[in-house]
Amino acid sequence: MQVKGRVLSVASECVPFIKTGGLADVVGALPAALAAFGWDMRVMLPGYRALRQRTAGWAEVWYESDLWGGEGRVLSGHLDGVDLLILDAPHLFDREGGPYGAHSGSGGDWWDNPQRFAALSWVAAKIARHGGLDGWKPDVLHCHDWQAGFAPAYLAYGGRAGVGSVMTIHNISFQGWARAGQLDDLRLPREHFHPGALEYYGNLSSLKAGLVTCDRITAVSPTYAADLVRAEAGLGLEGVIRARASVVSGVLNGVDTQVWSPEAEPVPYSAANLAGKAINRANLCAEFNVDVPGPLAIVVSRLTDQKGIDLLPQVIPDFIAQGGGLIVLGSGDQRLEWQMQELAWNFPGRVGLRIGYDEGMSHRLFAGADAVLVPSRFEPCGLTQMYGLRYGTLPVVSAVGGLADTVITANPAALSAGVATGIAFHPTDVPAFAIALRQLTALYADKPMWAKVQQRAMAQDVSWTASAAKYVALYEGIRG
Ligand code: ADP
Ligand code: GLC
């Protein structure tokens, strides 16, 4: 297929190389989704230790002698189906631990994160402006979250050279904060240090820098995009979003339907033949030593306040009394890990728990469970509710952000119109969640109705096709 345009995607995470959350899934899935439309996307990532070991023999397409205390090389190669540009700067990225700190997840950040991700952004902007040594030059620079936030700023302040820029907000609660005193060190022009540009409550935010200098802003769902103009969701950046409303849009994430397919599981099934799902359920119950007469629900999540995990101990006892059961797979805040541990101890045979991160197990959970619970306080998009739809594992979600955009709640009107795909509740609190779980139990008991909702859920298009088309339209509108 003829190449219609080129995009340099800049991010800190990308499946299957490095992941702490959904950002990685999205960055990893976009290149193939865009390729179907003739757009050529390369993903630029930091040369973390594990990635570095896989770049032997790759071509050097950029050299930077002075990158915050050392030199940096950009290596270009193709790995696991993705065209990558790896910023090899060992003094910044060749470290033991996770992408942001010594721990593998988030939290416990490195002190020099502003410089580390400024370096990534600096080099990305230069490659966008000049093209790499191999002649590859993008039409568009697509930056993800705070880690790439300085890239549109460096591009804008150093000369755009006909390159358009997009800043995508996956989660506005991470803002890339840095001290005002770091302005010069971060190579940002002093004359732009004012509230209308770089200044952020007296300091700096790389995300704000990107938001004020890019050509287009996207959020990962339409509802989240709309919510961001209010302080509760914008978390300090609502004024910036409001000021740039004319270039803001919401583009829903998709799911990699090759990776997330019930037909590709070890015991496969489909909407037409659900026999495999019953086998998966039995296997799952055996694996976790649970026996559940009613709906078997799962949670696959980072265990953080965002995700509403703290509500579970208050609603699950009643759910269990109604016949339900729960399996939790997740890791995160220690307090929440303990709460989950306590729940599992209190309800042996009904609650299963695995603290940790396990991709294979998450597949088994979606393939075997009846419902997936996503009681988030806010959710920019959310991916697990979409896995749930695809696997006929009905999503029970709080009606916020992308959860509200992807699940049609089984209220009487939706049921009689035949459009319900799950259960959504509002607000995110114990009474509303408890009622939603009662609704789930009742729906599960009504086998014909359950089957209808399940079929409807599995028929939803959660692929990237529609959203990739939206990104392409966006790119077309800003290319030089
Ligand atoms: P967020 O990015 O806010 O964590 P998303 O729903 O967008 O939320 O994406 C989370 C991704 O991480 C999904 O692909 C989900 O399956 C995966 N995930 C989260 N926790 C775990 C875990 N403990 N084990 C396996 N996969 C997990
Ligand atoms: C963030 C959000 C999540 C979203 C993901 C991918 O991690 O918390 O809702 O699905 O990014 O865009």
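Everything numeric here is computed off the predicted structure, so don't read it as measured data. (Residues numbered from 1 in each chain as written. Chains lettered and ligands numbered in written order. Predicted model: local features only at pLDDT ≥ 70, side-chain atom pairs only at ≥ 80, totals over all residues. Heavy atoms only, no water.)

### Quick word on the domain arrangement of the chain
Assigned domains within the chain: domain 1 (5-254 + 464-478) and domain 2 (262-458). Computed from C-alpha atoms alone, the centre-to-centre distance between domain 1 and domain 2 is 33 Å. At the interface, 16 residues of domain 1 touch 14 residues of domain 2. Interface area, domain 1 with domain 2, both sides summed: about 1200 Å², of which 59% is carbon and sulfur. The largest share of the area that domain 1 buries against domain 2 comes from Lys19, Thr223 and Leu252, three residues that together contribute 30% of it. If you look at where domain 1 meets domain 2, you find 1 salt bridge. One salt bridge connects lysine 19 with glutamate 359, and the closest N-O pair in it is separated by 3.9 Å. Our count for the domain 1 to domain 2 interface comes out at 5 residue pairs in polar contact (both at pLDDT 80 or more). Of all elements in the fold, only helix H1 (22-35) and helix H7 (222-227) reach the threshold of two or more residues within the side of domain 1 that touches domain 2. Among the elements that line the side of domain 1 that touches domain 2, the one with the most residues is H7, at 4 residues. Looking at side-chain class alone, the side of domain 1 that touches domain 2 contains 4 nonpolar, 9 polar and 3 charged residues. (Domains from an automatic or database assignment. Contact = heavy atoms within 4.5 Å. Buried area = accessible area lost by both parts, 1.4 Å probe. Salt bridge = Lys/Arg side-chain N within 4 Å of Asp/Glu carboxyl O. Polar contact = N/O pair within 3.5 Å; in protein donor to acceptor, adjacent residues only side chain to side chain. Helix = DSSP H or I, 4+ residues; strand = E, 2+ residues; numbered from the N terminus. Nonpolar A, V, L, I, M, F, W, Y, C, P; charged D, E, K, R; others polar.)

### As for the site of ligand 2
Around ligand 2, a shell composed of 13 residues is seen, among which His170, Asn253, Glu379, Cys381 and Gly382 lie nearest. Between ligand 2 and the protein, one listed contact pairs an oxygen atom with a backbone N or O atom of cysteine 381 at 3.0 Å. One nitrogen or oxygen atom from the main chain of glycine 382 is found 2.8 Å from an oxygen atom belonging to ligand 2. Across the complex, the protein chains shield 93% of the 310 Å² of accessible surface that ligand 2 would expose by itself. For the shell around ligand 2, the leading source of residues is H1, giving 3 residues. By residue class, the composition of the shell around ligand 2 is 5 nonpolar, 6 polar and 2 charged. Each of domain 1 (5-254 + 464-478) and domain 2 (262-458) contributes no fewer than three residues to the shell around ligand 2. (Near = heavy atom within 4 Å. Areas by Shrake-Rupley, 256 points an atom, 1.4 Å probe, with all protein chains shown as cover.)

### Remarks on the environment of methionine 41
If you trace the backbone, methionine 41 turns up in strand E2 (residues 39-46). Once the C-alpha coordinates of methionine 41 and threonine 406 are considered, the two residues, 365 residues apart in sequence, prove to be 27 Å apart. With sequence-adjacent residues up to four places away left out, methionine 41 is seen in contact with Val7, Ser9, Leu30, Pro31, Leu34, Asp83, His142 and Tyr475.

### What about the sheet that holds strand E10 (residues 203-205)?
Judged by pairing direction, the sheet is antiparallel, and its 3 strands sit side by side in the order E8-E10-E9 without closing on themselves. Whereas interior strands pair on both sides, the edge strands pair on one side only; in this sheet they are strand E8 (177-178) and strand E9 (199-200). Both E8 and E10 contribute to a ladder of 2 bridges, which runs antiparallel. The residue of E10 that forms the bridge with alanine 178 is leucine 204. Across the face of the sheet, helix H6 (residues 206-213) comes into contact with E9 and E10 while running at roughly 70° to E10. (Pairing = 2+ DSSP bridges. Axes fitted to C-alpha atoms, helices over the stretch in contact; angles between N-to-C directions.)

### Notes on the site of ligand 1
Residues in contact with ligand 1 amount to 20 residues; listed here are only the nearest, Gly22, Arg302, Lys307, Gly356 and Tyr387. The side chain of arginine 302 places a nitrogen or oxygen atom 2.6 Å from an oxygen atom of ligand 1. The separation between an oxygen atom of ligand 1 and a polar main-chain atom of leucine 383 is 2.9 Å. When residues in the shell around ligand 1 are grouped by element, the largest group, 3 residues, is from strand E13 (residues 296-303). Taken together, the residues of the shell around ligand 1 sort by class into 5 nonpolar, 9 polar and 6 charged. Shared between two domains, the shell around ligand 1 holds at least three residues of each, these being domain 1 (5-254 + 464-478) and domain 2 (262-458).

### A look at the layout of surface pockets
Its boundaries defined by the atoms lining it, the second largest pocket holds a volume of some 720 Å³. Counting only elements with at least two residues in the lining of the second largest pocket, the list comes to H1, E2, strand E5 (82-88), helix H13 (359-368) and helix H19 (465-478). With 8 residues, the top contributor of residues to the lining of the second largest pocket is H1. Its residues assigned to classes, the lining of the second largest pocket shows 23 nonpolar, 9 polar and 7 charged. Shared between two domains, the lining of the second largest pocket holds at least three residues of each, these being domain 1 (5-254 + 464-478) and domain 2 (262-458). (1 Å grid on protein atoms, 1.4 Å probe; cavity = no way out; pocket = protein on both sides within 12 Å on 5 of 7 lines; lining within 4 Å. Points joined across faces, edges and corners; volume = space filled by probe spheres on them.)

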